[in-house]
Amino acid sequence: MKKSHLFTPGPTPIPPDALLAMSQPIDYHRSEDTVALIKDVLKKMKHVFQTDNDVLFLTSSGTGAMDGAVANLLCKDDKVIVIRSGKFGERWSEICEAYGVQVIPIDVRWGDSVAPEIVESTLSTHPEAKAVFATLCETSTGALHDIEALADMTKSTQTLLVVDAVSALGADDLQMDNWGVDVVVSCSQKGLMTPPGLAFAALNQRAWKAVNRSNLPKYYLDYRKAHERGIEGSVPFTPAVTLLAALQYALNRICEDGIQETICRHNRMAIATRSAIKAIGLPLFATSPANTLTSIRLPEEFDGKVFVKMMREKHGITYAGGQGNLSGKIVRIAHLGWMNENDVIVAISAFERGIAEMGYDVPLGAGVTAVQEVLKNSMD
Ligand code: PMP
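The rules we used
- Residues numbered from 1 in each chain as written.
- Predicted model: local features only at pLDDT ≥ 70, side-chain atom pairs only at ≥ 80, totals over all residues.
- Heavy atoms only, no water.
- Near = heavy atom within 4 Å.
- Polar contact = N/O pair within 3.5 Å; in protein donor to acceptor, adjacent residues only side chain to side chain.
- Areas by Shrake-Rupley, 256 points an atom, 1.4 Å probe, with all protein chains shown as cover.
- Helix = DSSP H or I, 4+ residues; strand = E, 2+ residues; numbered from the N terminus.
- Expected span 1.5 Å × (residues − 1).
- Buried < 20%, exposed > 50% of the residue type's maximum accessible area, 1.4 Å probe, protein only.
- Pairing = 2+ DSSP bridges.
- Salt bridge = Lys/Arg side-chain N within 4 Å of Asp/Glu carboxyl O.
- Lys, Arg positive; Asp, Glu negative; His and termini not counted.
- Contact = heavy atoms within 4.5 Å.
- 1 Å grid on protein atoms, 1.4 Å probe; cavity = no way out; pocket = protein on both sides within 12 Å on 5 of 7 lines; lining within 4 Å.
- Points joined across faces, edges and corners; volume = space filled by probe spheres on them.
- Nonpolar A, V, L, I, M, F, W, Y, C, P; charged D, E, K, R; others polar.
- Axes fitted to C-alpha atoms, helices over the stretch in contact; angles between N-to-C directions.

1. Overview of the site of the ligand
Then, in step 1: Taken together, 14 residues surround the ligand, and among them Ser61, Thr63, Thr139, Asp164 and Lys190 come closest.
Then, in step 2: At a separation of 2.7 Å, a nitrogen atom of the ligand approaches a polar side-chain atom of lysine 190.
Then, in step 3: When the free accessible area of the ligand is taken as 400 Å², the share hidden by the protein chains comes to 86%.
Then, in step 4: Elements supplying a minimum of two residues to the shell around the ligand: helix H3 (62-73) and helix H4 (87-98).
Then, in step 5: If you tally residues by element for the shell around the ligand, the top one is H3, at three residues.

Here it is as structure tokens:
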């Protein structure tokens, strides 16, 4: 018998009550019950986004909310600053270019996080930039970016700060209102413990002003339509009702614990995982790792693609491999969403066994012992 464990940074496992909610008979999306459901979900999302601004939703994957941010905030030929430290920073660039927006790139070595001073000097050279596009956790490398420091710079300028919190929402701290972040986008299948198919965005007053001047083409991803309907518990188009039902249960769990405790749980899992990897003797890939996932640099002689395939097929353990240039070179272990400390023990014990099977010389149990030590100390 093979039991499957999903340790990818999205999709992530779904709690049982959310799974059950999706097996209930489907409802009409204009029924009073669905109106109440949408209102409840959007109210709870404010807590997760740590904002008093309204949160809007789209039926799309996370990229839909990113695409929508560009299409709704900007005009053709606007200049924007894009922080590119991995695949998802690059995605911001690609979307901007698709809409005819001019990109001023800040390229950061994959695995590193942007130095706030570089953003500051780029902002002073390009005060005309309409926005800075950043990523809270660059999922392709596991690096966390200092969004608070970036917001500190942008909030006193005319430039908006737009943050991709697709993977990190609920795992790494992002205090939209307290820090002064203008736009945050995210989606359902990561920290929100719901299947893929819903995307979210929250905009502050400054950002809504930009929406009013934007002249880029938009239809399905029109933020204003989604926002105006959403606050009435309605939608411009048929939404993924089944996913909304699941999300309500997932959000109940986050709200019961509170967003800060939810982030702390992710922090404990991340610290335990990092400490295990060090005990195993492998380097972490990110210089400033996120709570969302841990990226591990594999030994030169190791084929990461073979390892990931073997773990899934032989052991039922799904980790994520590297993307782009990192393919085969790193392994990414997520500790995200419906997971706790016990899941970390499973992830690490399987990892140790797997790399030992691939011929890596590791004292079995070294990683698990390190996890247990961290957990013991965090409970003292
Ligand atoms: N941004 C980040 C940081 C992500 O991790 C992902 C998904 N891995 C995306 C954007 C794209 O989201 P989606 O695949 O849901 O469109």
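There is more to say, and it comes next.
2. Focus on helix H13 (residues 341-357)
Then, in step 1: Here H13 contains 17 residues, and its C-alpha end-to-end distance of 25 Å stays within 8% of the 24 Å for a straight helix at 1.5 Å per residue.
Then, in step 2: Capping of H13 at its N-terminal end is provided by asparagine 340; its side-chain oxygen lies 3.0 Å from the backbone amide nitrogen of asparagine 342.
Then, in step 3: Just downstream of H13 lies glycine 359, where phi reads positive at about 100°.

3. Quick notes on the pairing of strand S14 (residues 330-334)
Looking along a regular strand, one sees the side chains alternate between the two faces of the sheet.
Then, in step 1: For S14, a buried count of five out of five residues is recorded, marking the element as mostly surrounded by other parts of the structure.
Then, in step 2: Direction of pairing for strand S11 (residues 293-297) relative to S14: antiparallel, over a ladder of five bridges. Among the inter-strand pairings, leucine 293 is bridged to a residue of S14, identified as alanine 334.
Then, in step 3: Where strand S13 (residues 320-321) lies against S14, two bridges are found, and the strand directions are antiparallel. In the sheet register, alanine 320 faces S14, and the bridge partner there is arginine 332.

4. Considering the pattern of salt bridges
Side chains that carry opposite charge are capable of pairing whenever their charged atoms lie near each other.
Then, in step 1: In the structure shown here, the tally under the stated rule is 14 salt bridges.
Then, in step 2: The salt bridge partner of arginine 213 is aspartate 78, with a shortest N-O separation of 3.4 Å. Of the two residues, arginine 213 is situated in helix H8 (residues 205-213) and aspartate 78 in the loop between H3 and strand S3 (79-84); the sequence distance between them amounts to 135 residues.
Then, in step 3: For glutamate 313, the salt bridge identified is with lysine 309, shortest N-O distance 3.4 Å. Taken together, the residues span about one helical turn, with glutamate 313 and lysine 309 both in helix H12 (residues 304-315) at a distance of four residues.
Then, in step 4: What you see here is one network of salt bridges that share partners, running through Glu261, Arg268 and Glu341.

5. Quick word on the side chain of arginine 274
Then, in step 1: Mapped onto the elements of the fold, arginine 274 is located in helix H11 (residues 259-280).
Then, in step 2: One buried charged residue, arginine 274, remains without a salt bridge, the closest side chain of opposite sign being aspartate 172 at 6.0 Å.
Then, in step 3: Apart from residues lying up to four places away in sequence, arginine 274 is in contact with Leu284, Pro289, Ala290, Asn291 and Thr294.

6. Here's the deal with helix H10 (residues 241-257)
Then, in step 1: Here H10 is 17 residues long and its end C-alpha atoms lie 25 Å apart, about the 24 Å a rise of 1.5 Å per residue gives.
Then, in step 2: Every buried residue of H10 is accounted for by Val241, Leu243, Leu244, Ala245, Ala246, Leu247, Ala250, Leu251 and Ile254.
Then, in step 3: In this structure, the buried residues of H10 make contact with helix H1 (16-21), helix H2 (32-49), strand S2 (55-58), strand S10 (199-203) and H11.
Then, in step 4: Taken from the residues just after H10, glycine 258 is the one with a positive phi, measuring 95°.

7. Concerning the sheet that holds S14
Then, in step 1: Read across the sheet, three strands follow the order S11-S14-S13 without closing on themselves; strand pairing throughout is antiparallel. If you trace the sheet from one side to the other, it starts and ends with S11 and S13, each paired once.

8. Some remarks on empty space enclosed by the protein
Then, in step 1: Tallying each qualifying case throughout the model produces two cavities of 30 Å³ or more.
Then, in step 2: Reported here for the largest cavity is a volume of approximately 130 Å³.
Then, in step 3: Lining the largest cavity are 13 residues, with Phe57, Leu58, Thr59, Pro236 and Phe237 sitting closest to its centre.
Then, in step 4: Going through the elements one at a time, S2 and helix H9 (223-230) are the ones with two or more residues in the lining of the largest cavity.
Then, in step 5: Here the residues of the lining of the largest cavity are counted per class, giving eight nonpolar, four polar and one charged.
Then, in step 6: The space that makes up the second largest cavity amounts to roughly 40 Å³.
Then, in step 7: Around the second largest cavity sit Ile83, Ser85, Gly89, Val114, Ala134, Thr135, Glu138, His145 and Leu150, which together line it.
Then, in step 8: In terms of residue class, the lining of the second largest cavity is made up of four nonpolar, four polar and one charged.

9. Examining the sheet that holds S2
Then, in step 1: Taken in spatial order, the seven strands of this open sheet run S2-S10-S9-S8-S5-S3-S4, and their pairing is mixed. A strand with exactly one partner marks an edge of an open sheet, and here the two such strands are S2 and strand S4 (102-107). Averaged over all pairs of adjacent strands, the angle between their axes in this sheet comes to 20°, without regard to strand direction.
Then, in step 2: Of the strand pairs in this sheet, S3 and S4 are connected by six bridges, and their pairing is parallel. Note that in S4 the partner of arginine 84 across the bridge is aspartate 107.
Then, in step 3: Contacts between H2 and the sheet are confined to S2, strand S9 (183-187) and S10, with S2 contributing the most and set at about 120° to the helix.

10. A look at the pairing of strand S5 (residues 131-135)
Then, in step 1: Burial analysis of S5 places five of its five residues in the buried class, which makes it a mostly covered element.
Then, in step 2: Of the two faces of S5, the one carrying Ala131, Phe133 and Thr135 and the one carrying Val132 and Ala134 are both buried.
Then, in step 3: Note: S3 against S5, three bridges, orientation parallel. For valine 82, the partnering residue across the bridge sits in S5 and is phenylalanine 133.
Then, in step 4: With five bridges connecting them, S5 and strand S8 (residues 160-164) associate as parallel partners. Counterpart to alanine 131 in the pairing with S8 is leucine 160.

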